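Structure assessment
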Amino acid sequence: MNLGKSLFSLCAGLLLCACSEVYVSQPVGDEPLVLDDSWTGTWLSDGHIMHTVVVDAEKGLLQAAWIEPGENGFELQQYPVQVRQSGEYRFVSIPDEEDGQGYVWALVKKESSEILLWSPDPGKFAALVRAGEFPGRMQEPENPDNDTVVLEKLEAEALELVVDPATGLLDWQDPLVMERLVD
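Structural notes, computed from the coordinates. Note that the coordinates shown come from a computational prediction; the quantities given were computed from them, not determined experimentally. (Residues numbered from 1 in each chain as written. Predicted model: local features only at pLDDT ≥ 70, side-chain atom pairs only at ≥ 80, totals over all residues. Heavy atoms only, no water.)

1. Some words on the pattern of salt bridges
Side chains bearing opposite charge may pair, as long as their charged atoms lie close to each other. Under the criterion given, the structure shown has two salt bridges. A salt bridge links Lys109 to Glu111; the shortest N-O distance between them is 3.3 Å. Overall, the relative accessible area of 43% leaves Lys109 in the partly exposed class. Of the charged contacts in the structure, one is a salt bridge between Asp147 and Arg130, with a shortest N-O distance of 3.0 Å. Highlighted residues: Asp147 in the loop between β10 (136–138) and β11 (149–151) and Arg130 in helix α2 (residues 122–130), separated in sequence by 17 residues. (Salt bridge = Lys/Arg side-chain N within 4 Å of Asp/Glu carboxyl O. Buried < 20%, exposed > 50% of the residue type's maximum accessible area, 1.4 Å probe, protein only. Helix = DSSP H or I, 4+ residues; strand = E, 2+ residues; numbered from the N terminus.)

2. Comments concerning the nonpolar core
If you look at the biggest cluster of nonpolar residues, it comprises 23 residues, and the most contacted ones within it are Trp105, Phe125, Phe134, Leu151, Leu154 and Val162. Within the residue set of this core, elements represented by two or more residues are β1 (22–24), β8 (103–110), β9 (114–118), α2, β11 and α3 (156–163). Ranked by residues supplied to this core, first place goes to α3 with four residues. Excluding residues that lie within four positions of it along the chain, Leu151 makes contacts with Val22, Tyr23, Val24, Ser25, Trp105, Phe125, Val129, Phe134, Pro135 and Gly136. Judged by nonpolar contacts, the second largest core, of 22 residues, contains Tyr23, Leu35, Val92 and Val104. (Core = buried A, V, L, I, M, F, W, Y, C linked by side-chain atoms within 4.5 Å. Contact = heavy atoms within 4.5 Å.)

3. Let's talk about a nonpolar patch on the surface
Nonpolar side chains collect at one region of the surface, where Leu44, Ile49, Leu181 and Val182 lie side by side and expose about 320 Å² of accessible area between them. Along the chain, the position of Leu44 falls in strand β3 (residues 41–45). Since its relative accessible area comes to 33%, Leu44 is described here as partly exposed. (Patch = residues over 30% accessible without salt bridge, like charges linked within 9 Å, V, L, I, M, F, W, Y side chains within 5 Å. Areas by Shrake-Rupley, 256 points an atom, 1.4 Å probe, with all protein chains shown as cover.)

4. Some details on the pairing of strand β7 (residues 89–95)
The buried count for β7 comes to five of seven residues, which makes it a mostly enclosed element. Pairing of strand β6 (residues 73–86) with β7, which is carried by five bridges, proceeds in the antiparallel orientation. Its bridge partner lying in β7, Ser86 is registered against Tyr89. Once β6 ends, the chain turns through two residues before running back antiparallel as β7, passing Gly87 with a positive phi of about 60°. The sheet contact formed by β7 and β8 spans six bridges and is antiparallel. Residue pairing for β8: Pro95 is matched across the bridge by Tyr103. (Pairing = 2+ DSSP bridges.)

5. Looking at α2
Buried within α2 we find Pro122, Phe125, Ala126 and Val129. Along the long axis of α2, the arc covered by the buried residues comes to 100°, so they all point the same way. Close packing links the buried residues of α2 with β1, β8, β10, β11 and α3. Structurally, the start of α2 carries an N-cap: the backbone nitrogen of Gly123 is 3.0 Å from a side-chain oxygen of Asp121. Immediately downstream of α2, the backbone of Gly132 shows phi near 75°, a positive value. (Arc of directions from axis to C-beta. Polar contact = N/O pair within 3.5 Å; in protein donor to acceptor, adjacent residues only side chain to side chain.)

Structure representation (structure tokens):
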């Protein structure tokens, strides 16, 4: 699953997806980002509408929600989102409630009318973890076709590699763009 394709897909995928992902054991970032009211809104991405609301501004906590078809009609889907920062960089982390692997995450940039998210590239992280060059483990080490990685806490040195476009660890070419519909 690729966060760059859709945050909607990311959240839904926590329940359904068996594809490769990059998890982290703890939310990414050194400290919570203090959120203002501009993080609350209705957003459009890849044809999906998502609502966000600030739950605890001081702790950088949001709730993301949307409606999707279910077995008995429409169902509300909702997930907690942590927004944290390290220096000038901001990250979102969503707990993996299905498998308990930790958190799915992305680099985030918030502007007045849009949110941009860059997701981790599972194949590139898997290659570094397998080579012992990045802190983490393979979810299924015996399965070379599964690039799902569980990273340890990302300290400053590791974060510098992650946010460096030259490493290609994030999908810089295809960010998820969420456009504000309603304030």
